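Coordinate analysis (summary)
Here is how the chains run, residue by residue.
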Amino acid sequence: MQVIKIGTRESRLAVVQAEVVASYIHRFCEGKEPQLVTMKTTGDKILDRTLDKVGGKGLFVKELERSLREGSTDISVHSLKDIPMETPGDLPILGVSPREDARDVLALPFGRTELNPALPLGTSSPRRVVQLGRLFPQMKIKSVRGNVQTRLAKLDRGEYSGLVLAAAGLKRLGLEDRISRYFTVEEMIPAAGQGILAIQGRQGEDYRYLEGFFDEKAAYCALAERSFVRALDGGCSSPIAAYAQIVPAGGGKEVLKLMGLYAEEGSREYRTASVVGRKEEAKRLGQELAREMKAPLN
C-alpha cells in the first residue's frame, strides 16, 4: 500500500477541502492510502495586518511548497484563489476540482435580519471593499482576518454588522445556515479561482491516479481568470476580480464568458467588462480582457 501524504493548512476549512481529495484517493485509487499532513502557514500566523502589508497570498503556500520539495508530502491541496499567479516550475498545479458555488455571501450576527449601520462590514479583500462601496455606500468597511470560525465569532460578539465571505467555504464547513444573502456574480464579481480546489505536486512524478478527480470546465475557467489577473500584474493590493463560465451557445456548442473587474491601487472607482470566446482560447481571452480594461486607465 502506497501512502499518499497530502499537505494542507491546519484550518478546519483547509482540512475539509483536503479530505475531499483524500476521499477520492481512498475510493478510486487502488493500492494508495491518503494521509493528511497539516501545518500552520505564515499567512495563518499573521492576523493583525492585511495580506498586502505582509507579503500577499503567497504566505499561505510557502510552507506547503517547502514540504513538497523536502519530500515530507506528495501533494498539496489549496484553494485556487490563494495560489499566487506565478507558480514555481518544479511545483506545478496538477489540476483543479469541479467548482463549488463561486458567489460571495453576506453573513449576519445570530438573531439579526438586517445590517446595523452603526457597525462596520467586515472584509479584508480589496476586491470586495470596492464593490461593497457601491452596494452599501453608507456602510463603513473594516478589515477582518482569521479563519471562518474566528471571523464568525467576532461577528457574533458584535464587532461587525455583517461579514462578506465565500459561499463555497461556508457550504464546505456545513455553515450554510449562516448565509443571509447571496450576491449575484454581477453584483460582486468573485476572486479568480474562487470555489475551485487546486492540487500541487512535484515536476516529473506520476500523478495519473488523480486524473479522474480533475475537472476540464473548471480548468478552462481558472485559466481564463488567472490569465486576466496575471496580465494586470494583480496582487493582493490591487482590486481585481475575474469570473468565467462555460455557457451554451446554441447548436450544441459552448462558449466561455469571462467577466472582469479592475481598479488602480488605492482607488475606490472600478470598471467591469466581459468577453466571450472559445473555451480553448481561455488564456488569450483573459489577456484580451485585461488589455481592454487597463488601457483607458493608463
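The preceding data block contains the structure.
This write-up is about the structure you can find in this document. Because the structure is a prediction, the values reported are computed rather than measured. (Residues numbered from 1 in each chain as written. Predicted model: local features only at pLDDT ≥ 70, side-chain atom pairs only at ≥ 80, totals over all residues. Heavy atoms only, no water.)

On to helix H9 (residues 282-294), then. Taking 1.5 Å as the rise per residue, H9 with 13 residues should run 18 Å; its terminal C-alpha atoms sit 18 Å apart, in good agreement. The complete set of buried residues in H9 reads Ala-282, Leu-285, Gly-286, Leu-289, Ala-290 and Met-293. One side of H9 holds all its buried residues, which, seen down the axis, span an arc of 135°. Check the buried side of H9 and you find it contacts helix H8 (216-231), strand E12 (253-262) and strand E13 (271-277). (Helix = DSSP H or I, 4+ residues; strand = E, 2+ residues; numbered from the N terminus. Expected span 1.5 Å × (residues − 1). Buried < 20%, exposed > 50% of the residue type's maximum accessible area, 1.4 Å probe, protein only. Arc of directions from axis to C-beta. Contact = heavy atoms within 4.5 Å.)

Moving on to the packing of H8 against H9. Relative orientation of the contacting elements H8 and H9 amounts to 35°, with a least axis distance of 7 Å. With respect to the hand of their crossing, H8 and H9 are arranged in right-handed fashion. Residues Tyr-220, Leu-223, Ala-224, Ser-227, Phe-228 and Ala-231 of H8 touch H9, and the partners they reach there are Ala-282, Lys-283, Gly-286, Gln-287, Leu-289, Ala-290 and Met-293. (Axes fitted to C-alpha atoms, helices over the stretch in contact; angles between N-to-C directions. Left-handed = near helix turned anticlockwise from the far one by under 90°.)

This part takes up the packing of aromatic side chains. Here the distance between the centres and the angle between the planes together describe a pair of aromatic rings. Scanning the entire structure with this criterion turns up five aromatic pairs. Seen in terms of ring centroids, Tyr-24 and Phe-28 are 5.1 Å apart; in terms of plane orientation they differ by 40°. Their pairing is tilted. Of the two residues, Tyr-24 and Phe-28 are both situated in helix H1 (residues 12-28); the distance of four residues between them amounts to about one turn of the helix. According to the relative accessible area criterion, Tyr-24 is buried, its value standing at 15%. According to the relative accessible area criterion, Phe-28 is exposed, its value standing at 52%. Connected via pairs of aromatic rings, a cluster forms that spans Tyr-24, Phe-28, Phe-213 and Phe-214. When the ring centre of Tyr-209 is taken as origin, the NZ or CZ atom of Lys-32, which lies over that ring, is 4.8 Å away. The ring of Phe-110 carries the charged tip of Arg-178 above its face, separated from the ring centre by 3.9 Å. (Phe/Tyr/Trp six-rings, centres within 6.5 Å; stacked < 30°, edge-to-face > 60°. Lys NZ or Arg CZ within 6 Å of the ring centre and 35° of its normal.)

Its place among the elements puts Thr-123 in the loop between strand E6 (121-122) and helix H5 (126-135). Reaching out from Thr-123, the side chain makes a polar contact with the backbone nitrogen of Ser-125 at a distance of 3.2 Å. Excluding its chain neighbours within four sequence positions, the residues that come into contact with Thr-123 are Arg-128, Val-129, Leu-132, Ile-141, Lys-142, Ser-143 and Val-144. (Polar contact = N/O pair within 3.5 Å; in protein donor to acceptor, adjacent residues only side chain to side chain.)

Taken together, the buried positions of helix H6 (residues 148-156) are Val-148, Arg-151, Leu-152 and Leu-155. Summarising the axial view, the buried residues of H6 lie within an arc of 100°, below the 170-degree limit, and thus occupy one face. Residues of H6 that are buried make contact with H1, strand E5 (104-107), strand E8 (162-166) and helix H7 (167-172). Looking at the residues trailing H6, positive phi occurs at Gly-158, about 90°.

By size, the foremost hydrophobic cluster in this structure holds 22 residues, and its most contacted members are Phe-228, Val-229, Leu-256, Leu-258 and Leu-289. Elements with a contribution of two residues or more to this core: H8, strand E11 (240-250), E12, E13 and H9. If we skip the residues at most four places from it in the chain, Leu-256 touches Tyr-220, Cys-221, Ala-224, Ala-244, Gln-245, Ile-246, Val-275, Val-276, Gly-277, Lys-279, Ala-282 and Leu-285. (Core = buried A, V, L, I, M, F, W, Y, C linked by side-chain atoms within 4.5 Å.)

Attention now moves to the sheet that holds strand E2 (residues 32-39). Taken in spatial order, the five strands make up an open sheet running E2-E1-E3-E10-E4, and their pairing is mixed. Two strands in the sheet have a free side with no partner beyond their single neighbour: E2 and strand E4 (93-96). Across the sheet, the mean angle from the axis of one strand to that of its neighbour is 30°, orientation sign disregarded. Sheet analysis places strand E1 (residues 2-9) next to strand E3 (residues 75-79), joined by two bridges and oriented parallel. Each residue of the ladder has a partner; that of Ile-6, found in E3, is Ile-75. Running at roughly 170° to E2, H1 makes contact with E1, E2, E3 and strand E10 (197-200) of the sheet. (Pairing = 2+ DSSP bridges.)

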